[in-house]
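Chain by chain, the residues run as shown.
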Amino acid sequence: MEETDLRLESSLWVGNKRCQAVLTGWHFNWTEVDKKNSGKKTIPVAEVIGVEEGRVEILSQKSVEDTDKDFTVFYVKRSSSGSSYGLLWRLGRTQFSCLSRVLRDQWTKHLRTALKTHSPLRPKRLLVFINPFGGKKKGRKIYHSLVAPLFELAGIRCHVIVTERANQARDHLLKKDLTGFDGVVCVGGDGMFSEILHGLIGRTQQEAGLCENDPTVTLQPCPLHIGIVPAGSTDCVCYATVGVIDPVTSALHIIIGDSQPLDVCSVHHASALVRYSVSLLGYGFYGDVLAESEKHRWMGPLRYDYSGTMVYLSNRSYAGIVQYLPADPLLSSPRDRTRCLSGCSVCSRSTERLFSHSSDPGSLYSSHFNQFSSDAEGEWVSVEGRFRCVSLTCMSSSCPKSPLGLSPSAHLADGTGDLILVWDTHPLGFLKFLYRHTSTQDQFDMPFVEVHRVKAVRFSLPPEKEEEAYEEIGGSSGGIDEETGYIETVSRSGSQVSLAEAGTGREMTNEQKTTTPFLCGLCCSKAPAASVWNCDGEILPTTEMLCRIHGQLVRLYARGIEDGAAVHNCGEENDKCDSGYTLHK
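Note that residues are indexed from 1 along each chain, following the sequence as it is written. Thresholds applied to this predicted model are a pLDDT of at least 70 for local features of residues and 80 or more for the giving and counting of side-chain atom pairs; totals over whole chains, interfaces and linings are not thresholded and use all residues. Note that the side-chain values use all heavy atoms of the structure and ignore hydrogens as well as water.

A short note on the overall build of the protein chain
For the protein chain, the helix and strand inventory stands at 13 helices and 23 strands. We call two residues in contact when some of their heavy atoms are within 4.5 Å. Sequence separation of 24 or more characterises 75% of the internal contacts of the protein chain that already satisfy a separation of 6 or more. The Shrake-Rupley method, run with a 1.4 Å probe, gives the accessible areas here. Residue values count only the displayed protein chains as cover. Looking at the protein chain as shown, the accessible area adds up to about 25100 Å², and 51% of this sits on carbon and sulfur atoms. The secondary structure listing takes helices from DSSP runs of H or I that are at least 4 residues long and strands from runs of E that are at least 2 residues long, numbered from the N terminus.

In structure tokens form, the structure reads like this:
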């Protein structure tokens, strides 16, 4: 029998019920024979996690009741996630009994062959980094209790490293031999993901002989996939690419080899790479909130709510010059009210557009950024004024508190970012803008808010502000790391606090005040001339910068947020299947 033409059909028993089971290669289904109007239960072979002889259960430890005529099939089982937009994935399990051991062996052999034939991209060996300090410090427990048993069931070999210091994962990926690994998994939050991101991109460009510091260079896409097992205090990237923050769901996406391309924004200053970003690059309000929160780390996650309140009450705005390179408005728009879901047509068309002629130096992808040259300055749009905040995001940046995110119609892999400009306005107007992020109301439908789909952004200070801003934050700026070539960003330790404090303790000049502060005397009598940039939860040491979007630079073990209405096996037909997978304390 040809492996591409696998088919097996026989009677099997599920409990005491006789079923007619059929394996067609792409699907495995069974129907109860003795029941009228019985529904067919179908599992895509691509979503089978493993096949084991005997009666097998996966709990905190694997247990097997070795029987000659039984086998157990484990597969993906979906369920509603309640408040989240995505679907939870659980480990479904059904035990089958055969008439003979020969038939049992035939079924297990055919199912395993079908898995290899129709799921060639499944990882076989993974490099796993665990951050034991992130979030509630449960990274180790989450991995060993929830994730490792699933990887073992799927036959995935893992090399596990528990990190002991910041940037250990990045440094490992930049220097160590990665031969034989199919992907890298981070068990942690957005900070750990950022380390993996920088390490893989940097390693890929080194091996390709490309200079990351040159913003006009077309970077090489990373060959290794990244898997995210959420275990941090913030898991924005996981939420925006899967739709839920759930370790089991993420682990199952990794096992079946899902592949979700992701755009990455490179941030440059003075001919040097500062950092890569995939979610939020924010100046003004979002930068101030992060800087303020660093002075209150003892408060835990509550520091963000507290700092947000204090920064809002300070009623600050900042002068700046924003230049952006618009994307093609005929392809998509940040106001078209569409959502980037699994199988997104906009991202699929972008894949063809970005890579169909990638070997041709005149292709669309490589020619986009010839426009950085002075010959194409007319392509750029420039605006100047005072802003409450300036934000750039390559994804919706959704999270549990803001289910639709900063830009609900942003796409994960279309080669663009969404630039959001919030001009200086009355405090109550700005509060209304912030509140709309927690609801389904359009936060862009306000007279002081602009949103543009862009390929690149420049930000600079007006000439009269440059000297004052340099005096305030210049002394705290990071230097260039001689080993990596990056401008070192301010760490999450004490150095970040000093930078946050650098923006306080100075009287505002009359020229800086454009509106009469409300609640004077509380916290708005003093303000810096310039804000700081919040780059995926890290404070950047520079104010003026150039940002470029690199289309589909990395790939995640994910498939985007699934539309529950379009998933066929999320209904009643699978509800009765066993799902015995829990976290044991």
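With respect to the pattern of salt bridges
Salt bridge, as used here: a side-chain nitrogen of Lys or Arg that lies within 4 Å of a carboxyl oxygen of Asp or Glu. In the structure shown here, the tally under the stated rule is 21 salt bridges. With a shortest N-O distance of 3.3 Å, Glu9 and Arg7 are connected by a salt bridge. Using a 1.4 Å probe on the protein chains alone, a residue whose accessible area is under 20% of its type maximum counts as buried, one over 50% counts as exposed, and one in between counts as partly exposed. Relative accessible area serves as the criterion here: at 44%, Arg7 is assigned to the partly exposed category. Between Asp105 and Arg104 there is a salt bridge, with its nearest N and O atoms 2.9 Å apart.

Side note on the environment of Thr309
Summarising the element assignment, Thr309 is placed in helix α8 (residues 302-314). A sequence separation of 20 residues divides Thr309 from Val289, and the C-alpha atoms of the two residues are 8.6 Å apart. Counted as a polar contact is a pair of N or O atoms within 3.5 Å, where, for protein atoms, one must be capable of donating a hydrogen and the other of accepting one, and residues adjacent in sequence contribute only when both atoms are in side chains. Within the local environment of Thr309, its side chain forms a polar contact with the backbone oxygen of Asp305, the two atoms lying 3.0 Å apart.

Some details on unusual backbone geometry
Its identity as a non-glycine residue notwithstanding, Lys137 has a phi of 60 degrees, on the positive side. For Lys137, the location among the structural elements is in the loop between β10 (125-130) and α2 (139-153). A relative accessible area of 60% places Lys137 in the exposed class.

Some details on the side chain of Thr542
Structurally, Thr542 can be placed in the loop between β22 (538-539) and β23 (545-556). Not counting chain neighbours up to four residues away, the residues in contact with Thr542 comprise His269, Val274 and Trp533.

Comments concerning the side chain of Thr94
Assignment of secondary structure puts Thr94 in strand β9 (residues 87-97). Residue classification places Thr94 among the buried residues on the basis of a relative accessible area of 4%. A distance of 2.9 Å separates a polar atom in the side chain of Thr94 from a polar atom in the side chain of Tyr75.

So far we have only geometry, and geometry alone does not tell us how the molecule works.
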